[in-house]
Amino acid sequence: MTAITHSTYLTDKVGPLPFCPGCGHDKVVKALNEALVRLQPDPTKVVIVTDIGCIGLADRYFNTNAFHGLHGRSITYACGLKLARPELTVIVLKGDGGCGIGGTHLLNVARRNIDITLIVANNFNYGMTGGQHSVTTPVEGITATTPIGNVEGAMDLCRTAAAAGAGWAYRATGHDPDLGERIADAIREPGFAMLDIWEMCTAYYQPRNKLKKKDLTNMMSLANMDHGLIAHTPRPEYGVSIRKSWQSAKTSTKRRMIVKPQFKHTVTQQTGIIIAGSAGQKIRSAASSFAQGAMFAGLKATQKDDYPITVMTGHSVTEIIVSPEAIDYTAIESPDCFIIISEDGLKKSRARIAKLSDICTLYVEQSLDLPETRAKVVRLPLMQTAKKIDRLSVGTIALAAVCTDRGLFPIEALEAAVSAFQKQAIAEVNLMAIKAGEGLFFGIEK
Amino acid sequence: MGLEFLEGNEAIARGAMKANCNFFAGYPITPASTVFHYMLDLVPATGGVAIQGEDEIASIGFCLGAAMAGSKAMTATSGPGLSLYSENIGLAIIGETPLVIVNVQRQGPATGSATKGAEGDIQFTRWCSSGGMPVIALSPASVEEAYELTYVAFNLAERFRVPVFLLTNKEIGLTRESVDLDAIELPPLVERVRAESGSEYRPHAFEQPGDVPTFSAFGDQHLARYTTSTHDQDGYLTASPQVTQEMIDHYTAKVNEAADEIALYTEDREEGAEILIISYGITSRSAAVAVRQARASGTCISSLALKTLYPVPETIIRSAMKGVKKIIVPEMNMGQYILDIQRLVLPETSVIGVNKMDSTLISPSEILQQGDLL
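Residues numbered from 1 in each chain as written. Chains lettered and ligands numbered in written order. Predicted model: local features only at pLDDT ≥ 70, side-chain atom pairs only at ≥ 80, totals over all residues. Heavy atoms only, no water.

## Some remarks on the overall build of chain B
Here is step 1: Scanning chain B from terminus to terminus reveals 13 helices and 15 strands.
Here is step 2: A burial count over chain B gives 67% of its 374 residues as buried.
Here is step 3: Sequence-distant contacts, at least 24 apart, represent 77% of the contacts inside chain B between residues at least 6 apart.
Here is step 4: For chain B, the accessible area works out to roughly 12,400 Å², and carbon and sulfur atoms hold 51% of it. (Helix = DSSP H or I, 4+ residues; strand = E, 2+ residues; numbered from the N terminus. Buried < 20%, exposed > 50% of the residue type's maximum accessible area, 1.4 Å probe, protein only. Contact = heavy atoms within 4.5 Å. Areas by Shrake-Rupley, 256 points an atom, 1.4 Å probe, with all protein chains shown as cover.)

Here it is in structure tokens:
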């Protein structure tokens, strides 16, 4: 048995407990102290987390760390403390009101199984604000906001938490002689553990409902909520599990894609290229490879994407700027090249096509019907070419074709980007696509 | 050294890691989600924690707990999520909690357009929590600045024990640019000053109102107290009007008195210019182009691009305004930061907003046209 060096975890520095005469919170505080005395933790490693509600006044009476946060949010701070410093013993004291406003945190801490202890001082109403009804007010209970009797069903906190996955849940009354021992059990439990402690609000709920001490147990049976251990199904603790999984993953999975400029470009001014296709055509990744190719040739690049929130349907339009100088404005008002690959891309681009000037070359999949435009139109067999390689390579084919036609930078720079940064199987396909795209213009007289 | 093609959200994650961030919690929201993805890739690999909360309230709650346990914490969201952070931001301020909050702004109000950019949360950020205490907010104009200012945001959070906002935009967060982050010169790393061992810890101790209290983490050798309620320098509740005012003066002074130290900007001043563009965020890049074009056609014009929005860098703004008769303020909102400019100008100076919220960037030509610079 551990030598008792802390005979109490309460401090008298801030005076006597602040609760109304007869309030059950006194008993909860004393039972928690008894539990701590049994367990003898280092006070600097104990954090009592509370939120708003009468029981939230309790933290400062403990000679431990105290974290007093927003109404109903104590569980979230407790989880943050525990995840950041697993060696801490983190105990949450909250009321039934906090369990209502912060209900999602109760469900989710139980579901995740984070090793904190939750003690609910459940007195069936909001004592701090005038005795309004809470999620645990019994049916027919009289409160300031249910003056002729509550018709809302009362939440069974223990079974709710257990259904969400709580490994340990216990229902007690503030009068239970073994309350301190049971709180110690909860703290010892290596995962999430909670106690729902039913007790008296002598300011509001007790007088309004003419409750006597022994009524608490009767109320439990009336509500079909058992007294005692409701759930004990231990399972792996979240912090331990997640750290283990991260350790097995070891290092960062994403490689840094470092570009080393090694080719020459012929770009003398900022050049804007718009490529408009459909979601699922890998437009954005083809554009990134193109931009990285430009960077391999010593150019600066930007890429700005436009797509609907449902990423697998509709249009995918990407604006790429390559420039020998720093690029300020990242949108393209007057594109030099406009590539239309699909009907979705065309639909999204109609307004812009109408405004194009004759400096723009419009590279368009040959099967599409173009509206009238002042741009120079070049029809290309993009889909037909892609079909021979991989239909997802159509963006790469188009960009390789444009790069060749405009002579922006050597096609080898684009190949270097694809080879350096894409997975081998994908790179092999795209290298073929680059050759095919180049082939659409290679040897063609201009 | 390495040239990379990165989106702003990745640069934010990299800036956070450069600042030794070791705790991230967030909730999925476009266009901020990829910050979380990158943090999940980077943070656990260095022994830290990256976790998804059940909602934004839980996410920032996790961060507050972790930050007070000594972690360097960050969360990232977009406008709708900032609404849910609001109450906990007040807690971060009253509890003097170092925390970096990224807002990758998107078109609002409400759910608005998830994949479209905007700068609609400027005054919302300034006044985002009850009580109206001053905040620090930085706004990058590029992927490079997203990296730099995230790192700086951590320094400021540590230095002043406050939440610091990084106000960016889909147009930076999800736009990729060729950058060499390793080539960016950063100031030295700042860590919160720890309370001396042995002495009794007073979690909010200061002598002068602008002093920043020393810090002791939950779990360190001192007993720590933290509270959302009005408290004294020891972290105990108080109802004393005098102590209450002293604490309010403290939260106010430590940020406002440091305004010059926090002010970051780039200035492009032309001698004798009577026209000035004041811009921030992605729009300052359109302003840069507009200034070049205006000068090419013979207009004498200066430009001030703010990286620090709050506390308002009044000294530098006032200095840039000297001799100026017309100020143009382009913003991807219906006129928000212009309110802070208007209160600083002399009566004879005209202040013109160039505003739109159609989810597209303000173009250089729109600045030239609406600023009457053609």
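## Structural notes on the overall build of chain A
Here is step 1: Within chain A, the regular secondary structure consists of 15 helices and 15 strands.
Here is step 2: Against the 2.2 N^0.38 benchmark of 22 Å for 446 residues, chain A shows a C-alpha radius of gyration of 34 Å, more extended than a compact globule.
Here is step 3: Considered along the principal axes of its C-alpha atoms, chain A spans approximately 100 × 55 × 40 Å.
Here is step 4: The proportion of buried residues among the 446 residues of chain A is 56%.
Here is step 5: The contacts in chain A between residues at least 6 apart in sequence include a share of 68% that link residues at least 24 apart.
Here is step 6: When the accessible surface of chain A is summed, it comes to about 19,000 Å², and 55% of that surface belongs to carbon and sulfur atoms. (Rg over C-alpha atoms; globule rule 2.2 N^0.38 Å.)

## Points about helix 6 (residues 179-188) of chain A
Residue and element names in this part refer to chain A.
Here is step 1: The buried fraction of helix 6 is high, at seven of ten residues.
Here is step 2: Among the residues of helix 6, Leu-179, Gly-180, Arg-182, Ile-183, Ala-184, Ala-186 and Ile-187 are the ones counted as buried.
Here is step 3: Buried residues in helix 6 make contact with helix 1 (25-39), strand 3 (89-95), strand 4 (117-122), strand 7 (168-173) and strand 8 (193-198).

## Topic: the domain arrangement of chain A
Here is step 1: Under the domain assignment, chain A is made up of domain 1 (24-244) and domain 2 (271-439).
Here is step 2: Taken over C-alpha atoms, the centre of domain 1 of chain A sits 59 Å from the centre of domain 2 of chain A. (Domains from an automatic or database assignment.)

## Observations concerning the sheet that holds strand 2 (residues 23-26) of chain B
Residues and elements named next belong to chain B.
Here is step 1: In space, the seven strands of this open sheet follow the order 3-2-4-5-7-6-13, with mixed pairing throughout. Taken across any chain shown, the strands that pair with only one partner, and hence form the sheet edges, are strand 3 (49-52) and strand 13 (308-310). Sheet twist, expressed as the mean angle between neighbouring strand axes with direction ignored, is 20°. (Pairing = 2+ DSSP bridges. Axes fitted to C-alpha atoms, helices over the stretch in contact; angles between N-to-C directions.)

## Quick look at the environment of Arg235(A)
Residue and element names in this part refer to chain A.
Here is step 1: Looking at the element boundaries, Arg-235 is found in the loop between strand 9 (228-232) and helix 9 (238-249).
Here is step 2: Residue classification places Arg-235 among the partly exposed residues on the basis of a relative accessible area of 35%.
Here is step 3: Sequence separation of Arg-235 and His-71 is 164 residues, and the distance between their C-alpha atoms is 29 Å.
Here is step 4: A distance of 2.7 Å separates the side chain of Arg-235 from the backbone oxygen of Ala-110, its partner in a polar contact. (Polar contact = N/O pair within 3.5 Å; in protein donor to acceptor, adjacent residues only side chain to side chain.)

## Quick word on the sheet that holds strand 14 (residues 326-331) of chain B
Residue and element names in this part refer to chain B.
Here is step 1: Reading across from one edge, 10-12-11-14-15 is the order of the five strands in this open sheet, with mixed pairing throughout. Each of the sheet's edge strands pairs with one partner strand only, and the pair in question is strand 10 (265-268) and strand 15 (350-355). Averaged over neighbouring strand pairs, the angle between their axes works out to 15° when direction is ignored.
Here is step 2: In this structure, strand 11 (residues 275-280) lies alongside strand 14, joined through three bridges in parallel fashion. Along strand 14, the bridge assignment pairs Ile-275 with Lys-326.
Here is step 3: Lying on the sheet, helix 10 (residues 283-296) is in contact with strand 10, strand 11, strand 12 (301-306) and strand 14; it crosses strand 11 at an angle near 160°.
Here is step 4: Along the sheet, helix 11 (residues 314-321) makes contact with strand 10, strand 11, strand 12 and strand 14, crossing strand 12 at roughly 170°.

## Some thoughts on the interface of chain B and chain A
Put simply, an interface is often sized by how much accessible area is lost when its parts join up.
Here is step 1: Between chain B and chain A, the residue contacts involve 74 residues of the former and 63 residues of the latter.
Here is step 2: Of the roughly 5,500 Å² buried between chain B and chain A on both sides combined, carbon and sulfur atoms contribute 57%.
Here is step 3: The largest per-residue losses of area from chain B upon contact with chain A belong to Phe5(B), Glu54(B) and Leu223(B), which jointly make up 11% of the total buried on that side.
Here is step 4: Summed over the shared surface of chain B and chain A, the result is eight salt bridges.
Here is step 5: For the salt bridge of Asp328(A) with Arg292(B), the shortest nitrogen-to-oxygen distance reads 3.0 Å.
Here is step 6: Counting every contact that joins chain B to chain A gives 30 residue pairs in polar contact (both at pLDDT 80 or more). (Buried area = accessible area lost by both parts, 1.4 Å probe. Salt bridge = Lys/Arg side-chain N within 4 Å of Asp/Glu carboxyl O.)

## Here's the deal with the side chain of Asp215(A)
Residues and elements named next belong to chain A.
Here is step 1: With respect to the secondary-structure elements, Asp-215 resides in helix 8 (residues 215-222).
Here is step 2: For Asp-215, a relative accessible area of 17% corresponds to the buried category.
Here is step 3: Within the local environment of Asp-215, its side chain forms a polar contact with the backbone nitrogen of Lys-212, the two atoms lying 2.7 Å apart.

## Examining the nonpolar core
Here is step 1: Counting 92 residues, the largest nonpolar core has Ile116(A), Met194(A), Phe23(B), Ile317(B), Tyr337(B) and Ile341(B) as the members making the most contacts within it.
Here is step 2: Counting residues per element, this core draws most heavily on helix 3 (residues 56-68) of chain B, at eight residues.
Here is step 3: Ile12(B), Phe36(B), Val100(B) and Ile367(B) belong to the second largest nonpolar core, which has 65 residues in total. (Core = buried A, V, L, I, M, F, W, Y, C linked by side-chain atoms within 4.5 Å.)

## Details of unusual backbone geometry
Where the residue is not glycine, phi is negative for most of them; where a peptide bond is considered, it is trans in most cases.
Residue and element names in this part refer to chain B.
Here is step 1: Geometrically, the link from Gly-108 to Pro-109 is a cis peptide bond, its omega value of 0° lying close to zero.
Here is step 2: For Pro-109, the position within the fold is in the loop between strand 5 (99-105) and helix 5 (122-126).
Here is step 3: Phi is positive for Glu-96, close to 55°, though the residue is something other than glycine.
Here is step 4: With respect to the helices, strands and loops of the structure, Glu-96 is situated in the loop between helix 4 (79-94) and strand 5.

## Regarding helix 8 of chain A
Residues and elements named next belong to chain A.
Here is step 1: All buried positions along helix 8 are accounted for by Asp-215, Leu-216, Met-219 and Met-220. One face of helix 8 carries all of its buried residues, which in axial projection span an arc of 150°.
Here is step 2: Taken from the residues just after helix 8, Asn-224 is the one with a positive phi, measuring 60°. (Arc of directions from axis to C-beta.)

## Describing the packing of helix 1 of chain A against helix 6 of chain A
All names here are of chain A.
Here is step 1: Running from N to C, helix 1 and helix 6 cross one another at 60°; their axes reach a closest spacing of 8 Å. Accordingly, the angle class assigned to the pair helix 1 and helix 6 is oblique. Along this stretch, helix 1 crosses helix 6, giving a crossing that reads as right-handed. Between helix 1 and helix 6, the residues in contact are Lys-27, Val-28, Ala-31, Leu-32, Glu-34, Ala-35, Leu-36, Arg-38 and Leu-39 and Leu-179, Gly-180, Glu-181, Ile-183, Ala-184, Ile-187 and Arg-188, respectively.
Here is step 2: Grouping the amino acids of the contact of helix 1 with helix 6 by side-chain chemistry returns ten nonpolar, one polar and five charged. (Parallel < 35°, antiparallel > 145°, perpendicular 65-115°, else oblique. Left-handed = near helix turned anticlockwise from the far one by under 90°. Nonpolar A, V, L, I, M, F, W, Y, C, P; charged D, E, K, R; others polar.)

## Focus on the packing of helix 2 (residues 74-84) of chain A against helix 4 (residues 103-112) of chain A
Residue and element names in this part refer to chain A.
Here is step 1: Running from N to C, helix 2 and helix 4 cross one another at 35°; their axes reach a closest spacing of 8 Å. Across the interface between the two elements, Ile-75, Thr-76 and Cys-79 from helix 2 touch His-105, Leu-106 and Val-109 from helix 4.
Here is step 2: By residue class, the composition of the contact of helix 2 with helix 4 is four nonpolar, two polar and no charged.

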